Amino acid sequence: MLEQIETQVAHIERDDPAPEMIALAADVLQSGGLVAFPTETVYGLGANALSVEAVARIFAAKERPANDPIIVHIHETEQLNLLARSVPDIAFQLAEAFWPGPLTLILQRSDRVPDNITAGRKTVAIRMPSHPVALALLQTSGLPIGAPSANRFSRPSPTSAAHVIADLGGRVDVVLDAGSTDIGVESTIVDLTGNLPLLRRAGGIPLEALVSLLPELQDHPEYLPESSANVVSPGSLLRHYAPQARLLLFEGPEEAVVEKMRAAAQRELNSGQGVGILAIDDQARYFEDLPVRIALLGHNEIEMAARLFAALRELDQAGVDIILASTPPISGLGRAVRDRLIRAAEGHIQTIQR
Ligand code: TXA
Ligand code: MG
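Cut-off values and rules
Residues numbered from 1 in each chain as written. Chains lettered and ligands numbered in written order. Predicted model: local features only at pLDDT ≥ 70, side-chain atom pairs only at ≥ 80, totals over all residues. Heavy atoms only, no water. 1 Å grid on protein atoms, 1.4 Å probe; cavity = no way out; pocket = protein on both sides within 12 Å on 5 of 7 lines; lining within 4 Å. Points joined across faces, edges and corners; volume = space filled by probe spheres on them. Helix = DSSP H or I, 4+ residues; strand = E, 2+ residues; numbered from the N terminus. Nonpolar A, V, L, I, M, F, W, Y, C, P; charged D, E, K, R; others polar. Core = buried A, V, L, I, M, F, W, Y, C linked by side-chain atoms within 4.5 Å. Buried < 20%, exposed > 50% of the residue type's maximum accessible area, 1.4 Å probe, protein only. Contact = heavy atoms within 4.5 Å. Axes fitted to C-alpha atoms, helices over the stretch in contact; angles between N-to-C directions. Parallel < 35°, antiparallel > 145°, perpendicular 65-115°, else oblique. Left-handed = near helix turned anticlockwise from the far one by under 90°.

(A) Geometry of the layout of surface pockets. The space that makes up the second largest pocket amounts to roughly 200 Å³. Forming the boundary of the second largest pocket are 18 residues, of which Ile280, Ser326, Thr327, Pro328 and Pro329 lie nearest the centre. Going through the elements one at a time, α8 (254-270), β14 (275-279) and α9 (301-317) are the ones with two or more residues in the lining of the second largest pocket. Residues that form the lining of the second largest pocket fall into these classes: ten nonpolar, six polar and two charged.

(B) Representation of the nonpolar core. Core analysis: the biggest nonpolar cluster contains 93 residues, and Leu176 and Leu278 have the highest contact counts within it. Counting residues per element, this core draws most heavily on α9, which supplies seven residues. Residues in contact with Leu278, not counting those within four places in the same chain, are Ala295, Leu297, Leu308, Ala311, Leu312, Leu315, Ile323, Leu324, Ala325, Ser326 and Leu341.

(C) Inspection of the packing of helix α1 (residues 19-30) against helix α5 (residues 132-141) at higher detail. Contact geometry for α1 and α5: axes closest at 9 Å, N-to-C directions at 60°. Looking at the two axes, α1 sits oblique to α5. The crossing of α1 and α5 is right-handed. Here Ile22, Ala23, Ala25, Ala26, Leu29 and Gln30 of α1 lie close against α5, whose contacting residues are Val133, Ala136, Leu137, Thr140 and Ser141.

(D) Region of the structure containing empty space enclosed by the protein. All told, the structure shown has one cavity of 30 Å³ or more when counted by the stated rule. In this model, the largest cavity occupies a volume close to 30 Å³. Around the largest cavity sit Thr188, Leu199, Ala202, Gly203, Ile205, Pro206, Leu207, Gly332 and Arg335, which together line it. Residues belonging to the lining of the largest cavity are distributed by class as follows: five nonpolar, three polar and one charged.

Honestly, that's just the spatial picture; any functional story needs more than this.
Next up, the structure:
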């Protein structure tokens, strides 16, 4: 059992973070503690990235397997030279174009980086977040901060401080609460250590925005069963971001999808199951006559990204047994939303031709 500690929750202004609050959190990081803080994507569970002991506390708090490496957050591009070696020019060009922002680069690691944060790999993942609270914390602490999403392993990522507290209350020293995060899906991860740049995770920077600098970027989403040996990115495991309820995904022309979803909802209701629907706003009316719980995702893929994880948690809280959802178009943030839905559904996707 993990020892319970007192978790201090501090409200902080997103656009004007109080320096004394940031200083307090920076102190906690410097003395090896854990600080959950908002980034523009999701909340992170931060620790001093250069301290083996502090990083070990992240793994323990999250119950994260030791083979799953953690992203290092920085506030100045020059820190790349401390944490990585043989940094290719393209990394600096990408940093120039997209940092601060939701892009993570995988590079060859330097010796300064502790083994546990990279899970023993020769590579390290690095990003510069744009959230004012995250940047202030990085600047004031002067530390590179290792931070995975601040959820328990395989749960939906947290987009509010309440989500963090639900998963990690009593396991983290400080939670900086600046309200909901903006983007709602995690950073895009690009691996620059191979012969060709590889999209390891679709995320906050759309693929379409990267191709001008990375015309050969390959998108190879991997949906790996739990048992896979030698997983490069354990985030690519199939079961990830999963709600407690089962999730069923439907893909195809909208009308046919709605019809299938209604039929599935009826079937589940008839067998006594509590049913939740993840619906874009315009679809909700097709389900309103059914005794189902509807969580709204907004009108477009940007709103869907912002609301997806909160909606999954909301349906879990409502105690539904099964969640039905449809996939968004793959453009823009839709690629990341679709990817998270497939993982949350553990691959249970029904494709409807017509
Ligand atoms: O937006 C984000 O990236 C958030 C915020 C807090 O910055 N962080 C985040 O961290 O999503 P996490 O740990 O939940 O996801 C990081 C992913 C994991 O799938 C991990 O396996 C992968 O990045 N990763 C980290 N270092 C890696 C490396 N050296 N090689 C391959 N994959 C790596
Ligand atoms: Mg995560």
